[in-house]
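# An overview of the molecular structure
Letter by letter, the chains look like this.
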Amino acid sequence: MGLFKFEEVFSAAVLLDYLKERKFPEFLGLTLFPEKKIEEIDLEYIKGGSHLPVSASVHAFNSESEIASRDALEAVKERLALVKRKIRMDEELLIKLQTPRTNKEFEKAKEQVFNDVDTMVLAVLTRAEAMRMEVLTTGKLAVNENGVNVTLDYGVPSDALKTNAGNSAWTHADSDPLKDIYDWTDSVIARTGVIPTRALTSSSVLSLLLRHDKVRKNIFGNTNKLVTKAELNAFLEQQGLPKFASYDAKYRKEQANGTYQTLRFFDANKVVLMPDGFLGETVYGLTAEEIELAGTGVDTEQVGNVLAMIYRTADPVARWTKAVATVLPSFPEAENILIAKVK
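Described in the following lines is the structure provided in the data block. Note that the coordinates shown come from a computational prediction; the quantities given were computed from them, not determined experimentally. (Residues numbered from 1 in each chain as written. Predicted model: local features only at pLDDT ≥ 70, side-chain atom pairs only at ≥ 80, totals over all residues. Heavy atoms only, no water.)

### Some words on helix α7 (residues 213-220)
Listing the buried residues of α7 in full gives V215, R216 and I219. With its buried residues spanning 95° around the axis, α7 presents them on a single face. In this structure, the buried residues of α7 make contact with α5 (177-192), α6 (203-211) and α8 (229-238). After α7 finishes, the residue G221 shows a positive phi value of roughly 85°. (Buried < 20%, exposed > 50% of the residue type's maximum accessible area, 1.4 Å probe, protein only. Helix = DSSP H or I, 4+ residues; strand = E, 2+ residues; numbered from the N terminus. Arc of directions from axis to C-beta. Contact = heavy atoms within 4.5 Å.)

Below, the structure is given as structure tokens:
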């Protein structure tokens with residue numbers, strides 16, 4: 001083998017080209033909050049204002065037109081969250097890269113490095129999905145990690161936050177889930193003029209709906225026939241109610257002691273009623289690392305939402321694979337959803 005030059009094989013330009021072609025898993029949250037890249041570190045968007053049209057007035061001929069007032073709109077500005085993760089290359093890997101015995105050994109070690117790139121980038125994308133789902137199921141984003149302790153309130157109205165407890169919890173036989181869905185849908189329409197067409201929940205809540213005696217009797221009458229998801233959604237659509245889908249994906253979070261905690265993206269106890277269309281965007285911005293690259297001759301216009309890099313430290317001597325992004329969901333449709341805790 002020829003002389004190996006680490007900085008050439010794993011240069012910033014090489015990693016940029018690699019990530020341009022690399023396809024990562026598509027999270028459900030991207031269908032609600034699609035990705036957008038901006039050349040800043042602050043997120044700005046407009047929210048507020050009713051979707052209901054305002055009527056003009058009848059006037060006598062030759063009279064002055066009625067002067068309209070503008071809806072109260074709120075400009076939201078937040079600093080994007082810095083999300084990053086890195087992993088150290090172990091000595092055995094560095095030795096295999098620097099003094100491989102065969103081409104096959106070198107290629108295998110090189111593949112391991114790119115696997116680390118994938119893992120670090122996916123970690124950042126996973127944190128973005130956790131943000132989207134937290135915002136969707138709570139109306140807020142609470143962060144308390146690595147010296148950051150902040151809560152962002154996206155302004156979901158208090159009367160759009162429901163809690164079913166006791167006999168009204170969907171786990172209780174006396175509860176009436178269909179009545180709840182009717183009432184919640186009506187309340188959103190009355191408040192906003194927006195019609196909820198979709199409901200997202202967990203499989204466990206969806207199972208409660210399908211097995212609930214009152215739901216079954218409303219759809220089929222006095223029979224023991226079980227309800228399928230397709231039958232439930234067909235019934236809901238006929239009634240002008242939102243159709244249900246479930247989301248049960250999970251992720252792991254590493255604890256300070258090195259153990260992992262398994263978490264859900266979407267709260268297993270929640271139902272969220274939503275209108276058609278996008279609810280907001282997943283906004284990515286600039287990072288300090290991206291700005292640093294601009295001074296090295298690398299075409300930073302090729303940088304995607306998440307930047308990956310490999311760098312070295314002198315004390316202790318090590319090489320690291322790192323992924324970094326600034327990211328935050330926007331949520332201009334926050335006033336047009338309803339969040340219910342049903343069990």
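### Remarks on the pairing of strand β12 (residues 270-274)
For β12, a buried count of 5 out of 5 residues is recorded, marking the element as mostly surrounded by other parts of the structure. Bridge analysis of strand β8 (residues 198-201) against β12 gives 4 bridges, and the strand direction is antiparallel. The residue of β12 that forms the bridge with T201 is V271. Summarising the sheet, β12 and strand β16 (residues 338-341) pair through 4 bridges and their orientation is antiparallel. Bridging from a neighbouring strand, V271 pairs with A340 of β16. (Pairing = 2+ DSSP bridges.)

### A short note on the sheet that holds strand β9 (residues 243-246)
Strand order in the open sheet made by the 5 strands is β7-β16-β12-β8-β9, with mixed pairing throughout. Among the strands making up the open sheet, the edge pair consists of β7 (161-163) and β9. Between one strand axis and the next, the sheet turns through 20° on average, direction left out of account. In this structure, β8 lies alongside β9, joined through 4 bridges in parallel fashion. Paired with L200 across the bridge in β9 is A245. Against the sheet, α6 contacts β8, β9 and β12, and its axis sits at roughly 140° relative to β9. (Axes fitted to C-alpha atoms, helices over the stretch in contact; angles between N-to-C directions.)

### Digging into the environment of M131
Mapped onto the secondary structure, M131 falls in helix α4 (residues 103-138). Taking relative accessible area as the criterion, M131 reaches 2% and is therefore assigned buried. C-alpha separation for the pair M131 and G29, spaced 102 residues apart in sequence, amounts to 9.3 Å. Once residues lying within four places of it in the same chain are set aside, the contact partners of M131 are A81, V83, L141, V327 and P329.

Treat this as a map of the structure, not an account of what it does.
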